[in-house]
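# Observations on the model geometry
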Amino acid sequence: MLKQQLIMMVFVTLGLLCVIWLSQSLRFVEMIVNRGLSIAVFLHLTSLLLPSFLTIILPIALFFVVVFTYNKLIQDRELIVMRSAGLSQWALAKPAILLAVGVAAVGYFLTLYYLPYSYRQFKELQYTIRNDYSSVLLQEGSFTDIDGLTIYVREVGQDSELMGILVHDARDPKAQSTMMAKNGALVRTDKGPRIVLLDGNRQEVNTADGTMSILYFDRYAVDIAEDVTDPSLRYLEARERSVGNLLTAKAPDIQQQDINKYRAEGHERLITPLYAIGFAALALAVLVSGSFSRRTQHSRLLIAIGLMIGCEAMSIALKNIAAKDPALIVLMYINVLVPIVGGLYWTFRGPKITLARETAKDHEEGSRI
């Protein structure tokens, strides 16, 4: 049973991972179609997001594997045979519990180490694409959005010469401006790529009175990206930080308004792998602990799925609540411990109806047929 569940676990996880990867990677396809990035860079960029998907997929995939496996054993009456052979509740539930512990261990490897590492690599690669690939991001005859800048180039000549340039700068919503120039060039500086405009004008509208001011220039420079070469200048997101850094979040390393949110993220990293054991325990409690009856089997499956969805929804809601009120973080732990403790207790409690009585009912149903 353990081998069968392990093989199914691998295939179900890969299937769900491919579906989610395809749905999430569509937003990066434009970089290949319109911006000229290579397939290798695209695959590398999207693959760095997989660990964040895996932490969510693994417990759910395990739940459906356990439900499918034990439901098939019930339908084929193999669990009745196992009970008749003297197998205990622990022997019946042992394969699923061992697999759940293994999945939880993989989950802790992802949340404690690989998730922050891969997400930081993702953000750094994003920065590299935005800066080192700026020359291919500017495609002639099309509008290109780069971090609040909308750039149009009529034609790209030799030596990266740009002709017929329009730049709309909306990085500051209160002071948006539009620049037009006959020609220019894309140059690289220590502060990142910069567009140098030649022989043009800069237009800005005063939002207070609606008047427009025009500045004519012979030479004007527009920075495409800020200088974040020094890692200390970039504010790290929660997914880029280690669990220890999140749990001990404090200013000035973390902005004051983000401290509670980052601490909730740290606790969620510790809790998420445990949902593998919790979901497996729920499936076992509903399927293995109950009496063997075909008439109530579908209702049991619906109950198991409903309990799993309820726990998953509560985990999302409690994380958002705990980010606002740290005193409620304890509810996040309760939400994962209740399925584990309650599910395992109900599993080892055993079926209420004896095997002999259930077998007699099966014979009666068979004689009626």
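Going by the annotation in an unreviewed UniProt entry, the name recorded for the chain is Permease, with Thalassospira mesophila given as the source organism. The chain has a UniProt comment under Subcellular location (unreviewed entry) that states "Cell membrane".

## A word on the side chain of threonine 55
One can find threonine 55 in helix 3 (residues 50–75). One polar contact links the side chain of threonine 55 to the main-chain carbonyl oxygen of serine 52, over a distance of 2.9 Å. Setting aside residues up to four positions removed in sequence, threonine 55 forms contacts with Leu110, Thr111 and Thr272.

## Re helix 9 (residues 274–287)
Between its first and last C-alpha, helix 9 extends 20 Å over 14 residues, near the 20 Å set by a 1.5 Å rise per residue. With 12 of 14 residues buried, helix 9 is to be regarded as a mostly interior element. Listed as buried for helix 9 are Tyr275, Ala276, Gly278, Phe279, Ala280, Ala281, Leu282, Ala283, Leu284, Ala285, Val286 and Leu287.

## Some points on the environment of leucine 186
You can see leucine 186 is positioned in strand 4 (residues 177–189). For leucine 186, a relative accessible area of 17% gives the class buried. Along the chain, leucine 186 and alanine 221 lie 35 residues apart, while their C-alpha atoms are 9.7 Å from each other.

## So, the nonpolar core
Met9, Leu62, Val66, Tyr70 and Leu284 are the most contacted members of the largest nonpolar core, which has 56 residues in total. Among the elements that take part in this core, helix 3 stands out by supplying 13 residues, more than any other. The residues contacting leucine 284, other than those within four sequence positions of it, are Val66, Tyr70, Ala93, Ala96, Ile97, Ser289 and Thr347. Ile151, Leu162, Met179 and Ile224 belong to the second largest nonpolar core, which has 15 residues in total.

Calculation rules
Residues numbered from 1 in each chain as written. Predicted model: local features only at pLDDT ≥ 70, side-chain atom pairs only at ≥ 80, totals over all residues. Heavy atoms only, no water. UniProt positions renumbered as here; feature names shortened; annotations may be inferred. Helix = DSSP H or I, 4+ residues; strand = E, 2+ residues; numbered from the N terminus. Polar contact = N/O pair within 3.5 Å; in protein donor to acceptor, adjacent residues only side chain to side chain. Contact = heavy atoms within 4.5 Å. Expected span 1.5 Å × (residues − 1). Buried < 20%, exposed > 50% of the residue type's maximum accessible area, 1.4 Å probe, protein only. Core = buried A, V, L, I, M, F, W, Y, C linked by side-chain atoms within 4.5 Å.

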